[in-house]
Amino acid sequence: MPKIKTSRVRYPEGWELIEPTLRELEAKMREAENDPHDGKRKCEALWPIFRIAHQKSRYIYDLYHRRKEISKELYEFCLDQGHADRNLIAKWKKPGYERLCCLRCIQTRDHNFATTCVCRVPKHLREEKVIECVHCGCRGCASGD
């Protein structure tokens, strides 16, 4: 008879410190996904989901890179389990992308004239002072702001 495999996850040391915050953000994410989007544009319905995903990734990034409160093992565990966006964090490490809101804002294939999103333009160079990104609802994530 074959051996039965169980999918028990071993949590690294320090998980109990960040678990309540991640659970709270997961609950917010579920609430945002189930929220009715009556009267909103199709893209506007996704904005809260993008914001919460950004908040989760930023929380884990700050704990490891800025405050150095979690171990590398716990950081890698969070990335592997999908609690944070690995590609977005990789962009945050590069100069000029420290405040990037989402990866869609820098993908040139999603924009007219093969440029980046309007939220990437510094505030002092904008013609309109108040703008919102079509993809994620960001009001400005240029590093020069």
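The rules behind the values
- In this numbering scheme, every chain counts its residues from 1 along its sequence in written order.
- Under the rules for a predicted model, residues below a pLDDT of 70 receive no local features and side-chain atom pairs below 80 are neither given nor counted, while totals for whole chains, interfaces and linings still include all residues.
- As a rule here, side-chain values come from all non-hydrogen atoms in the structure, and water together with hydrogens is ignored.
- Here the term cavity refers to a set of points on a 1 Å grid, laid over the protein atoms alone, in which a 1.4 Å probe fits but cannot get out; the term pocket refers to an open set having protein on both sides within 12 Å along at least five of seven lines, with lining residues being those that place an atom within 4 Å of a point.
- Grid points are joined across faces, edges and corners, and a volume is the space filled by probe spheres set on the points.
- Under the scheme used here, helices are H or I runs from DSSP no shorter than 4 residues and strands are E runs no shorter than 2 residues, and both carry numbers assigned from the N terminus.
- Classification convention: Asp, Glu, Lys, Arg as charged; Ala, Val, Leu, Ile, Met, Phe, Trp, Tyr, Cys, Pro as nonpolar; all other residues, Gly among them, as polar.
- Each pair of aromatic rings taken from Phe, Tyr and Trp, with Trp reduced to its six-membered ring, is defined by centres within 6.5 Å and is described as stacked if the planes are under 30 degrees apart, edge-to-face if over 60, and tilted in the remaining cases.
- Relative accessibility under 20% of the residue-type maximum defines a buried residue, over 50% an exposed one, and the middle range a partly exposed one, all with a 1.4 Å probe and only protein chains included.
- Look at NZ for Lys and CZ for Arg. If either is within 6 Å of the ring centre and within 35 degrees of the ring normal, a charge sits over the ring.
- N or O atoms within 3.5 Å of each other form a polar contact, as long as, within protein, one can give a hydrogen and the other can take it, and as long as residues adjacent in sequence are counted only when both atoms are side-chain atoms.
- Between two residues, a contact is recorded if the distance between any of their heavy atoms is within 4.5 Å.

(A) Representation of the layout of surface pockets within the structure. There is about 160 Å³ of room inside the largest pocket. Taken together, 14 residues line the largest pocket, and the ones lying closest to its centre are A53, H54, S57, D85 and L88. With 5 residues, helix α2 (residues 47-66) is the single largest residue contributor to the lining of the largest pocket. Partitioned by chemical class, the residues of the lining of the largest pocket number 8 nonpolar, 4 polar and 2 charged.

(B) Geometry of the packing of aromatic side chains. Going through the model one piece at a time under the given rule, you end up with 5 aromatic pairs. Considering the side-chain rings of W15 and F77, the 5.6 Å spacing of their centres and the 80° angle between planes classify their relative orientation as edge-to-face. Taken together, the residues W15 in helix α1 (residues 15-34) and F77 in helix α3 (residues 72-80) connect sequence positions 62 residues apart. The exposure class assigned to W15 is buried, which follows from its relative accessible area of 4%. Looking at F77, the relative accessible area reads 11%, which means it is buried. Among the aromatic residues, those joined into a ring-pair cluster are Y11, W15 and F77. In this structure, K91 is placed above the aromatic ring of Y97, and the distance from its NZ or CZ to the ring centre is 5.2 Å.

(C) View of the side chain of H135. As for its placement among the helices and strands, H135 is situated in the segment after α4 (86-92). Within polar-contact distance, the side chain of H135 engages the side chain of R104 at 3.0 Å. The contacts of H135, once residues within four sequence positions are left out, are W47, F50, R104, D110 and H111.

Any functional reading would require information beyond the geometric quantities listed.
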